[in-house]
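What the coordinates show
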Amino acid sequence: MENTQQNIQKDVEAVMKKYDRESNVRIWEGLPKQILRFLSVAFSLYCIWTTLFSTAMPEIRLNVFLALILIIGYLNYPMRKHHVRVNYIPWYDIIIMLCGVIPFLYFAFNAESIIKLALRVTSPRNPNYHMMLAMAILAILSTMELCRRCVGIPILCVVGALMFYAFSTVRFGKVIYDLYYSTGDGLRSTPIEVCAKYIVVFIIFGAFLERTGISTFFINLANAVAGASAGGPAKVAVISSALCGMVSGSSVGNTVTTGSITIPMMKRTGYKPEFAGAVEAAASTGGQIMPPIMGAAAFLMAEYMGIPYAQVALKAILPAVLYFAGIYIAVHLEAKKLGLKGIDKSELPRLRQLLPKIYLLLPLIILVVMVSTNMYTMQFSAAVAIGFAILAGLFNSDERVTFTKIIDALEAGGKGTITVAVACAMAGLVAGCITSTGLASELITMVVNISGGRAFIALLLTMLCCIVLGMGVPTTANYCIMAATCAPILMAPAIGIEKICAHFFVFYFGIVADITPPVALAAYAGSAIAKAPPMKTAFNATRLAIAAFIVPYIFAFTPAMLFENLQPIIHIANASPLLNNFLIFLEVAMICATSLLGIFGVAAALNGYLFMPMNLIMRAIICAGGLFMMIPGLLSDFIGFWLVGMICMIQYMRSTRQDEKQD
């Protein structure tokens, strides 16, 4: 048993190193390892202290934050992922690191004088003109190089193209000022501000939750709920990935963590390897749209949309439920089609055995309550939740939290911040280039002209941009870039998509890039564990996650799906506020019920099986019915319900007659 666990762990590490850049790190042992561990822990504690208590101006806080990110980043990530020597960092890596760290610290210690100079910082009239330009260029290039190492090249292609455009159209000194010295633009724009203020604390919170044993609890809970049903392991994968996704922000990481357990179980049950890998990849990718953490992008969405974080999480609930419901229905129908059974009940944990461990959910409950009631700031709520995570872990005898685990969590939180912070910095450079050149207005004009002012075509073009950009770009950075470029296009009067709907639209399609061919990192990770063809796995994952391709179009045109612009289901003249609220509640309930039935219809059509195999005509009818039901409105709901119900009835009657003949 121990050898099996070790083999699984080795396979997991191999998959992570292949598909997840964050796992390609230097090898440190002995004293150097302890020194780096101390630095990561100290960085996490510094970030918690800063976000809770620091009153320093942003130019000081953010420059110190970026300098520390570069130090820890270059100590962790080598220039190439191969041929890494133990306890070795080449001299040129130290020089590159210092070329970025020194300018950031210089800016931090001279922030007030630099701010007073304003645009004169990069003006030839400044006596220190060349030094200021050189420091800015070195800091930018050093940050971009760290991005190449820990995030990847695709995002650098976007940044490089926009920087080339900016330098060719705007004065060199002006661009450098916007990218580096300007307050609120470039490297110190909204993404990195939100990362340093909110995201880092929630990353640390997620690291503490993992060490309380909550992931194991979620997997056991999913097994107890769905393990014995038809195709149980696949349903366990969906439920556990949805639950783990609440605290994990990585599609690949979630796929590998839960997939190392669920994928072999699915294969033993009878699912094809490519389907097993696809289920885990699709479900794990959906973890980034699952409240409350949503892959850290929820905090950025709140900032960009100008609404409280609690509202973002609330609006994300129904689309997330539809996403996972679609996958769950698909795996259930696949199990019925293949005649698969569940896991024997004697091998599964029982709910009453898990109830004593329910206290492990306390940190999440505390966090949700504190944030949703606006009792305290988000960062303070996360800090309190970290305290409750430690407290809950002390009572978990199976995976008890110790001082070593606390240090491990702080270390993991510090390291986990690197890639998010660097990606946010690159998103800031994109925003800086757009601000410097006025490119946003040109993009709006171009897309409006191409689409002819038709919203659907504009949405389609935006979807393609998000998916292409999302191939190899972290969700956080993808969203920041699309929020700066495509979301304003959709919100233009000629297109007319509401602000919140536009931002959710680009967020969703940035996520599905992780399972969309040809660069589907989560699907490739799932295929590696399942020992299946990568492209087959990716196409299966795309089919399973069909809700993610449909739902954004629905809420783009009908904001009620995001609980926006809600109206009473029936308008009654002079109705009391209590009655109106009840009618609005009915409207929300109707949207939820019909949307779920709609997803059922679309999933059945794609699977080609309900009570028995369906022909193409039946599949087309039930698919149309499902789409109608996902469009809020009494008429569309009635048509969709009639179409889906008709096919279900025909299928049921035919299968009943077939069973009678066989008897």
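Given the structure is predicted, the values throughout are model-derived calculations rather than measurements.

Helix and strand content of the protein chain: 29 helices and 0 strands. Its C-alpha atoms give the protein chain principal-axis dimensions of roughly 95 × 65 × 50 Å. When contacts within the protein chain are restricted to residue pairs at least 6 apart in sequence, those whose partners lie at least 24 apart make up 77%. On the protein chain, roughly 27,700 Å² of surface is accessible, and the fraction owed to carbon and sulfur atoms is 67%.

So, about the nonpolar core. Core analysis: the biggest nonpolar cluster contains 209 residues, and Tyr181 and Phe504 have the highest contact counts within it. The element contributing the most residues to this core is helix H19 (residues 403-437), with 16 residues.

For the rest of this paragraph, the subject is the environment of Ile203. With respect to the helices and strands, Ile203 occurs in helix H9 (residues 190-211). Classification of Ile203 as buried rests on a relative accessible area of 19%. Contacts of Ile203, omitting those with residues within four sequence positions, involve Gly413, Gly416, Thr417 and Val420.

All told, the structure shown has 12 salt bridges when counted by the stated rule. Across the pair Glu411 and Lys415 runs a salt bridge whose closest N-O atoms are separated by 3.2 Å. Here the residue Glu411 and the residue Lys415 both occupy positions in helix H19, the gap between them amounting to 4 residues, near one helical turn. Beyond isolated ion pairs, a larger network of salt bridges with shared partners links Arg26, Asp93, Glu145, Arg148 and Arg149.

Within helix H25 (residues 534-544), burial applies to Thr537, Ala538, Asn540, Ala541, Thr542 and Leu544. Looking at the buried side of H25, the elements it contacts are helix H13 (273-286), helix H15 (309-338), helix H24 (521-530) and helix H26 (546-557).

Taken as a whole and judged by the stated rule, the model has 23 aromatic pairs. Judged by centre distance (6.1 Å) and plane angle (85°), the rings of Tyr479 and Phe507 are edge-to-face. Taken together, the residues span a long stretch of sequence, with Tyr479 in helix H22 (residues 475-491) and Phe507 in helix H23 (residues 499-511) at a distance of 28 residues. The exposure class of Phe507 is buried, given its relative accessible area of 1%. In this structure an aromatic cluster arises from ring pairing among Tyr304, Tyr479, Phe504, Phe507, Tyr508 and Phe555. The ring of Tyr88 has Arg85 sitting right over it, with the charged end atom 3.9 Å from the ring centre. We note Arg188 situated over the ring of Tyr180; from NZ or CZ to the ring centre the distance is 4.9 Å.

This next bit is on a nonpolar patch on the surface. On the surface, Ile365, Val369, Met375, Tyr376 and Phe380 cluster together into a nonpolar patch covering about 470 Å² of accessible area. Positionally, Phe380 belongs in helix H18 (residues 378-395). Residue Phe380 is classed as partly exposed on the basis of its relative accessible area, which comes to 35%.

Now for the state of the cysteines. Counted according to the given criterion, the structure contains 0 disulfides. Unpaired in this structure, Cys466 has its nearest cysteine sulfur neighbour in Cys486, at a distance of 5.4 Å.

Another aspect to go through is the packing of H9 against H19. Two numbers describe how H9 lies on H19: the axes approach to 8 Å, and their chain directions differ by 150°. Compared by their axis directions, H9 and H19 come out roughly antiparallel. Crossing geometry of H9 relative to H19 is assigned as right-handed. For the contact of H9 with H19, the per-class residue count stands at 18 nonpolar, 4 polar and 3 charged.

If you trace the backbone, Ala166 turns up in helix H7 (residues 154-169). Ala166 gets classed as buried once you look at its relative accessible area, which sits at 0%. In this structure the C-alpha to C-alpha distance between Ala166 and Ala136, which are 30 residues apart in sequence, comes to 16 Å. Among residues more than four places away in sequence, those in contact with Ala166 are Val175, Cys433 and Thr437.

Regions of empty space are outlined by a rolling probe, equal in size to a water molecule, passed over the atoms. Of the voids in this model, the second largest pocket is the one considered here, and its volume is about 350 Å³. In terms of lining, the second largest pocket is formed by 19 residues, of which the most central are Pro291, Pro292, Ala313, Ile317 and Val368. For the lining of the second largest pocket, the secondary structure elements donating two or more residues are H15 and helix H17 (362-372). For the lining of the second largest pocket, the element with the highest residue contribution is H15, accounting for 7 residues. In terms of residue class, the lining of the second largest pocket is built from 18 nonpolar, 1 polar and no charged.

Before going further, it helps to examine unusual backbone geometry. Non-glycine residue Asn87 carries a positive phi angle of around 55°. Mapping Asn87 onto the fold places it in the loop between helix H3 (58-76) and helix H4 (91-109). Not every positive phi belongs to a glycine, and Lys531 is a case in point at roughly 55°. Locating Lys531 in the fold gives a position in the loop between H24 and H25. Accessibility expressed as a relative area gives 61% for Lys531, which makes it exposed.

Below, the discussion takes up H18. Because each turn of an α-helix spans 3.6 residues, side chains separated by three or four positions in sequence point in the same direction. The first and last C-alpha atoms of H18 sit 26 Å apart over 18 residues, in line with the 26 Å expected at 1.5 Å per residue. Of all the positions in H18, only Met378, Gln379, Ser381, Ala382, Ala383, Ala385, Ile386, Ala389, Ala392 and Gly393 are classed as buried. Among the structural elements, helix H2 (30-53), H9, helix H14 (297-305), H15 and H17 are those in contact with the buried residues of H18.

The relative placement of two packed helices comes down to the angle between their axes together with the axis-to-axis distance. Across the interface, helix H27 (residues 577-607) lies against helix H28 (residues 616-629) with an axial gap of 7 Å and an inter-helix angle of 155°. The pairing of H27 with H28 is recorded here as roughly antiparallel in orientation. Judged by the sense of rotation from one axis to the other, the crossing of H27 with H28 is left-handed. Across from Thr594, Ser595, Leu597, Gly598, Gly601, Val602, Ala604, Ala605, Leu606 and Asn607 in H27, the residues of H28 making contact are Arg619, Ile622, Cys623, Gly626, Leu627 and Met629. Taken together, the residues that form the contact of H27 with H28 break down as 9 nonpolar, 6 polar and 1 charged.

Next up on the list: the confidence of the model for the protein chain. On average, residues of the protein chain score 83 in pLDDT, and 93% of them reach the 70 mark or higher. Across residues 1-6, confidence stays below pLDDT 50; counting only partners more than four residues off in sequence or on other chains, it has 0 contacts.

Calculation notes
- In this numbering scheme, every chain counts its residues from 1 along its sequence in written order.
- Owing to the predicted nature of the model, reporting of local features is limited to residues with pLDDT of at least 70; listing and counting of side-chain atom pairs is limited to 80 or more, with chain, interface and lining totals taken over all residues.
- The side-chain quantities take in all heavy atoms of the structure and omit both hydrogens and water.
- In this description a helix means any DSSP run of H or I spanning at least four residues, a strand means any run of E spanning at least two, and both kinds are numbered starting from the N terminus.
- For this analysis, residues touch if any pair of their heavy atoms sits within 4.5 Å.
- Only the protein chains shown count as covering a residue, and every accessible area follows the Shrake-Rupley method with a 1.4 Å probe.
- As used here, the term nonpolar core means buried Ala, Val, Leu, Ile, Met, Phe, Trp, Tyr and Cys residues forming a set that is joined through side-chain atoms within 4.5 Å.
- Exposure categories follow from relative accessible area, calculated using a 1.4 Å probe and restricted to protein chains: below 20% of the type maximum is buried, above 50% is exposed, and the middle band is partly exposed.
- The term salt bridge refers to a side-chain nitrogen of Lys or Arg lying within 4 Å of a carboxyl oxygen of Asp or Glu.
- Under the pairing criterion, centres of Phe, Tyr and Trp rings, with the six-membered ring standing for Trp, must be within 6.5 Å; the plane angle then separates stacked pairs below 30 degrees from edge-to-face pairs above 60, leaving the rest tilted.
- In this scheme, the term charge over a ring applies when either NZ of a lysine or CZ of an arginine sits within 6 Å of the ring centre and within 35 degrees of the ring normal.
- Residues form patches when they are more than 30% accessible in relative terms and have no salt bridge. Like charges link within 9 Å. Nonpolar side chains (Val, Leu, Ile, Met, Phe, Trp, Tyr) link within 5 Å.
- Cysteine sulfur atoms are paired as a disulfide whenever they fall within 2.5 Å.
- Angles run from 0 to 180 degrees between N-to-C directions of axes, and those axes are lines fitted to C-alpha atoms, restricted for helices to the stretch in contact.
- Any angle between 65 and 115 degrees counts as roughly perpendicular, while under 35 counts as roughly parallel, over 145 as roughly antiparallel, and the rest as oblique.
- Two helices cross in a left-handed way if the nearer one is turned anticlockwise from the farther one by less than a right angle. They cross in a right-handed way if the turn is clockwise.
- Residues are grouped as follows: Ala, Val, Leu, Ile, Met, Phe, Trp, Tyr, Cys and Pro are nonpolar; Asp, Glu, Lys and Arg are charged; every other residue, Gly included, is polar.
- Points on a 1 Å grid over protein atoms alone make up a cavity when a 1.4 Å probe fits among them but cannot get out, and a pocket when they form an open set with protein on both sides within 12 Å along at least five of seven lines; lining residues each have an atom within 4 Å of a point.
- Grid points are joined across faces, edges and corners, and a volume is the space filled by probe spheres set on the points.
- Between the first and last residue of a helix there are one fewer steps than residues, each counted as 1.5 Å, and that sum is the expected span.
- The predictor's confidence in any single residue is recorded as pLDDT, a number from 0 to 100.

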